[in-house]
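# Survey of secondary and tertiary structure
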Amino acid sequence: MSTPAKQVIVEPAALLAPGSIAAPEYSAGELEALRASIKQLLIEKDAVLVAHYYTDAEIQKLAEETGGKVSDSLEMARFGNTHPASTLIVAGVKFMGETAKILNPEKRVLMPTLKAECSLDISAPSEAFNQFCDLHPDRTVVVYANTSAAVKARADWVVTSGNAIDIVKHLHEKNEKILWAPDKYLGQYIKRETGADMLLWNGTCVVHEAFKSDALTNLKKRHPGAAILVHPESPDEIIQQADVVGSTTALINAVQNMDNETFIVATDNGIFHKMKQVAAGKRLIEAPIVGEGATCVSCAHCPWMAMNDLRNLKKALETECNEVHVDPVIGRQALISTQRMVDFNA
Ligand code: 13P
Ligand code: SF4
């Protein structure tokens, strides 16, 4: 007799606040029509869909059904760089579209929206960042992928959460001192892990900085067998409680490969779509984002990732609007540091 599949439970740690970000809703008829049109447009336009794990589940499904990619930011960049399609449609936030364009200046890069920012990218305007670099000419400039093309152009290396530790370790072994931007929590984590001399910019992710450590400790007491999975954009006191710290792909792999029945997950809740797919039967709980009685700001979902849906994706393909442009001079300079990221340990 076969065992019935256990249901995956995704439990919000707090009540959603009035301003919280809901997943897009489609009627059954609209959903089918959008899916069919997008599939057809991808063929007609010689386009491939590259999406991040935090985007709408319907976008993720479509990317996988059409030979595209759903992944973390490093693999999004690598996939777009090697896929033969002449058009990349990137569902995510602005820096992901710009990274695709920097790596593939000859391809057309479209996005469902060009308004999807990232608080880390916003925190590091290029002029201020250049001044900071000018003050520290002895340091190797390492920036997170969540930055503008102009900031990447100033950098020696671009990294993502998927390879930041390995790259900084490599530079530290060569006795290089590092200037790091923009995420201070990720920077502090890498500094601790590698022992490198790192000067940190003061940026944060609005989603990850909202996780609350006391509430996480209490949640863990109620689920003593749970493994705590944390994205390294989270504050130090959240990272200290983690069983696994890593990129979105690393956290998904942990849910799939670890023996625990229950996982407390400290990252954007868009990731639960893929986690449910790879680990049916496991219990997934959102890490707490607010103290009791308070309301949340981001509610563990990136407000900019949430701007992507099937409607604006279809429109972008149909009308070829929302094309990503990067100044060619900046793009050529940014390619040096960005290509290093893609090639490192590939
Ligand atoms: P990953 O590269 O781990 O997918 O992270 C990107 C991001 O923006 C997380 O907030
Ligand atoms: Fe940027 Fe945070 Fe959104 Fe990721 S989740 S895109 S780091 S604001």
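Okay, so let's go over this structure. Given the structure is predicted, the values throughout are model-derived calculations rather than measurements.

Burial of nonpolar side chains together is a common tendency in soluble globular proteins. If you look at the biggest cluster of nonpolar residues, it comprises 107 residues, and the most contacted ones within it are Leu49, Ile89, Val90, Val142, Val159, Leu229 and Val265. When sequence neighbours within four positions are dropped, the list of residues in contact with Val90 reads Val50, Met96, Gly97, Ala100, Val109 and Met111.

This next bit is on the pairing of strand E8 (residues 178-181). Judged by which residues are buried, E8 turns out to be covered on both faces: Ile178 and Trp180 on one side and Leu179 and Ala181 on the other are all buried. Here strand E6 (residues 140-144) pairs with E8 via four bridges, running parallel. Bridge pairing links Val141 to Leu179 in E8. The sheet contact formed by E8 and strand E9 (residues 198-200) spans three bridges and is parallel. Counterpart to Leu179 in the pairing with E9 is Leu199. Once the chain exits E8 it traverses helix H9 (residues 184-194) before rejoining the sheet at E9, and the crossover so formed is right-handed.

To continue, consider unusual backbone geometry. For the bond from Ala181 to Pro182, the omega torsion is -10 degrees, close enough to zero to count as cis. One non-glycine residue with positive phi stands out, namely Glu320, at about 55 degrees. Here the phi dihedral of Asn345 falls at roughly 55 degrees; this positive angle occurs in a residue that is not glycine. Take Asn345: it is sitting in the segment after helix H15 (328-343).

A separate point is the sheet that holds strand E7 (residues 157-159). The strand order E7-E6-E8-E9 describes an open sheet built from four strands, whose pairing is parallel. The open sheet has two edge strands with one neighbour each: E7 and E9. On average, each strand axis in the sheet is tilted by 25 degrees relative to the strand beside it, whichever way the strands run. When E6 meets E7, the two strands line up parallel, connected through three bridges. Counterpart to Val142 in the pairing with E7 is Trp157.

Conventions adopted
Residues numbered from 1 in each chain as written. Chains lettered and ligands numbered in written order. Predicted model: local features only at pLDDT ≥ 70, side-chain atom pairs only at ≥ 80, totals over all residues. Core = buried A, V, L, I, M, F, W, Y, C linked by C-beta atoms within 7 Å. Buried ≥ 20, exposed ≤ 12 C-beta atoms within 10 Å, placed from the backbone. Contact = placed C-beta atoms within 7 Å. Helix = DSSP H or I, 4+ residues; strand = E, 2+ residues; numbered from the N terminus. Pairing = 2+ DSSP bridges. Right-handed = clockwise from strand over helix to strand, strands pointing away. Axes fitted to C-alpha atoms, helices over the stretch in contact; angles between N-to-C directions.

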